[in-house]
Amino acid sequence: MTLATAAARYLPSETEVRLELALQGGGAHGAFTWGVLDRLLDEPRLQIVAISGASAGAMNAVLVAHGLGTAPGPAGAAAAQKALWKFWKGVSRSAAMMRGATAALDFMAPPQGLSGVAFGPFALWSASHAAWRTFAERAAGRHGRVPEDLNPLGPLLNGLVDFEALRQPTAVRLFLSATDVATGALKVFRNADLSASAVLASACLPQLFRAVEIDGRAYWDGGYLANPPLAPLIAESAADDLLVVQLNPTRREALDEDADAILARVNEISFNASLVNELRGILTLRRALALAPPGFLCGEALLEKLSTLRLHRIAATETDVASDGRGRMNPEWSLLQRLHGAGQRAADAWLQQYGDSLGRVSTLDDTTALDFP
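Note that this is a predicted model, so its numbers are computed, not measured.

## Let's talk about the overall build of the protein chain
Scanning the protein chain for helices and strands turns up eleven helices and eight strands. The proportion of buried residues among the 373 residues of the protein chain is 55%. A sequence separation of at least 24 residues applies to 78% of the contacts in the protein chain between residues at least 6 apart. Carbon and sulfur atoms make up 54% of the accessible area of the protein chain, which totals about 15000 Å².

This is the structure:
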């Protein structure tokens, strides 16, 4: 399933690393993160203790946490890999079924031409935007937005994830971001709050899905405010190594001038903004803390954690993900497999270069390494 022959090659056998992961959202491009996770799970010395995520990153997060919670050691890692494969295969199958269902209705009224790129990067079903929209207009009502009970991601998640187990104190710690529609405030769902609805809230693109209501509050996609959330992950996790998996390229040297490509790049910049700003703040604060006199931290848990945090990043390149937005809008199995393979290779190359730094030193200490302006 993964690069098994290379597994554990890049971490010294005596090293066990308690790792926290931060998984960015990005629609079907989340299959790149699937590949990264698949490769990391082959490393028996990596102990994943906490994960934050937004949208597709939230989906990947709960699948990994579920699998790891089913059994200790390699058996749990294998269960996580299996759950990830089943989920992304289910995404592809459901999208194909929806396109077929919509096509069956075309004899009544042909679907209007709709630009899928306009809906941004977060809907896992964005390859089927036109199909979803047409189906919703004809069958779901309410301005063509799909309600939660018609969103096939819900049954898919419920069939694969034991949410009751994830709510237990022994589970991998999870931090999933969503946006409160009424206040515009960030909502972070933690283990005690977890359900399929919470994950759907993190991935609720408002142009496509109706807001997800939980305890009387309505939520949209978490990527608008925290993609993914870093501060609660750092403050509340026991790990000292944080690995960010970034899907949206910070830099693109070449850009087509057609409308779809321009809008896709606007979306990349917008949905990268929170991650860029949060990482920049973390790196700046870490430099300041390194110059602080002894005793300056005065028991401040977050500052103490930041002072010892080892920060790492694996990022998709502009060649890994399409520049016109169509890639993240296409959950066809062949494309998901290509993205998965790209993620595996990126993680393997990162482990070759930096694997022996895990548990020892940070590999991300300045903004120039991030291509930040």
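Having seen the structure, we can now continue with the description.
## Quick word on the packing of aromatic side chains
One pass over the structure, following the stated rule, counts six aromatic pairs. Ring plane angle 75° and centroid distance 5.4 Å describe the contact between phenylalanine 189 and tyrosine 219, whose orientation is recorded as edge-to-face. Linking phenylalanine 189 in strand 4 (residues 186–189) with tyrosine 219 in strand 6 (residues 217–221), this pair joins segments that are 30 residues apart in sequence. Owing to a relative accessible area of 2%, phenylalanine 189 belongs among the buried residues under this scheme. With centroids separated by 5.5 Å and ring planes inclined at 45°, the aromatic side chains of tryptophan 350 and tyrosine 354 adopt a geometry described as tilted. Note that tryptophan 350 and tyrosine 354 are positioned in helix 11 (residues 333–354) at a spacing of four residues, about one turn of the helix. According to the relative accessible area criterion, tryptophan 350 is buried, its value standing at 7%. What links up through ring pairs into an aromatic cluster is the set Trp34, Trp85, Phe87, Trp88 and Trp333.

## Details of the environment of serine 307
Here serine 307 is to be found in helix 10 (residues 301–308). Given a relative accessible area of 36%, serine 307 falls into the partly exposed group. As for serine 307 and arginine 286, which are separated by 21 residues in sequence, their C-alpha atoms are 5.9 Å apart.

## Focus on unusual backbone geometry
Cis peptide bonds are those with omega within 30 degrees of zero, and the linkage from asparagine 227 to proline 228 qualifies with 0°. With respect to the secondary-structure elements, proline 228 resides in the loop between strand 6 and helix 8 (231–236). Phi angles above zero are rare outside glycine, and serine 55 is one such case at about 55°. Given the relative accessible area of 0%, serine 55 is considered buried. Non-glycine residue aspartate 215 carries a positive phi angle of around 50°. With respect to the helices and strands, the residue aspartate 215 is situated in the loop between strand 5 (212–214) and strand 6.

## Quick word on the confidence of the model for the protein chain
Model confidence for the protein chain is summarised by a mean pLDDT of 81, while 75% of its residues fall at 70 or above. Note on residues 138–144: pLDDT is under 50 here. Beyond four places in sequence and across chains, it has 19 contacts.

## Section: the packing of helix 1 (residues 30–40) against helix 2 (residues 56–70)
Relative orientation and spacing of two packed helices are given, respectively, by the angle between their axes and the distance between those axes. Helix 2 packs onto helix 1 with a crossing angle of 30° between their chain directions and a minimal axis gap of 9 Å. In terms of orientation, helix 1 lies roughly parallel with respect to helix 2. Our pair here, helix 1 against helix 2, has a crossing hand that is right-handed. Residues Gly30, Thr33, Trp34 and Leu37 of helix 1 pack against Ala56, Asn60 and Val64 of helix 2. When grouped by side-chain class, the residues that make up the contact of helix 1 with helix 2 number four nonpolar, three polar and no charged.

About the criteria used
Residue numbers restart at each chain and count upward from 1, following the sequence in its written direction. Under the rules for a predicted model, residues below a pLDDT of 70 receive no local features and side-chain atom pairs below 80 are neither given nor counted, while totals for whole chains, interfaces and linings still include all residues. Excluding hydrogens and water, the side-chain figures rest on all heavy atoms present in the structure. For helices the rule is a DSSP run of H or I covering at least 4 residues; for strands it is a run of E covering at least 2, with both sets numbered from the N terminus onward. Here's how the labels work: a residue is buried when its accessible area is under 20% of the maximum for its type, exposed when over 50%, partly exposed in between, all with a 1.4 Å probe on protein chains only. Only heavy atoms matter for contacts: two residues are in contact if any of them lie within 4.5 Å across the pair. Per-residue and other accessible areas were derived by the Shrake-Rupley procedure at a 1.4 Å probe size, with only the shown protein chains allowed to occlude residues. Two rings belonging to Phe, Tyr or Trp (six-membered ring only in the last case) form a pair when the distance between their centres is within 6.5 Å. Interplanar angles under 30 degrees mark stacking, angles over 60 mark edge-to-face geometry, and anything in between is tilted. Predictor confidence is given residue by residue as pLDDT, running from a minimum of 0 to a maximum of 100. Geometry is summarised by axes, namely lines fitted to C-alpha atoms with helices restricted to the contacting stretch, and by angles between N-to-C directions that run from 0 to 180 degrees. Between 65 and 115 degrees an angle is taken as roughly perpendicular, under 35 as roughly parallel, over 145 as roughly antiparallel, and anywhere else as oblique. Two helices crossing with the near one rotated counterclockwise from the far one by less than a right angle form a left-handed crossing, whereas a clockwise rotation gives a right-handed crossing. The nonpolar class holds Ala, Val, Leu, Ile, Met, Phe, Trp, Tyr, Cys and Pro. Asp, Glu, Lys and Arg form the charged class, and all remaining residues, Gly among them, are polar.

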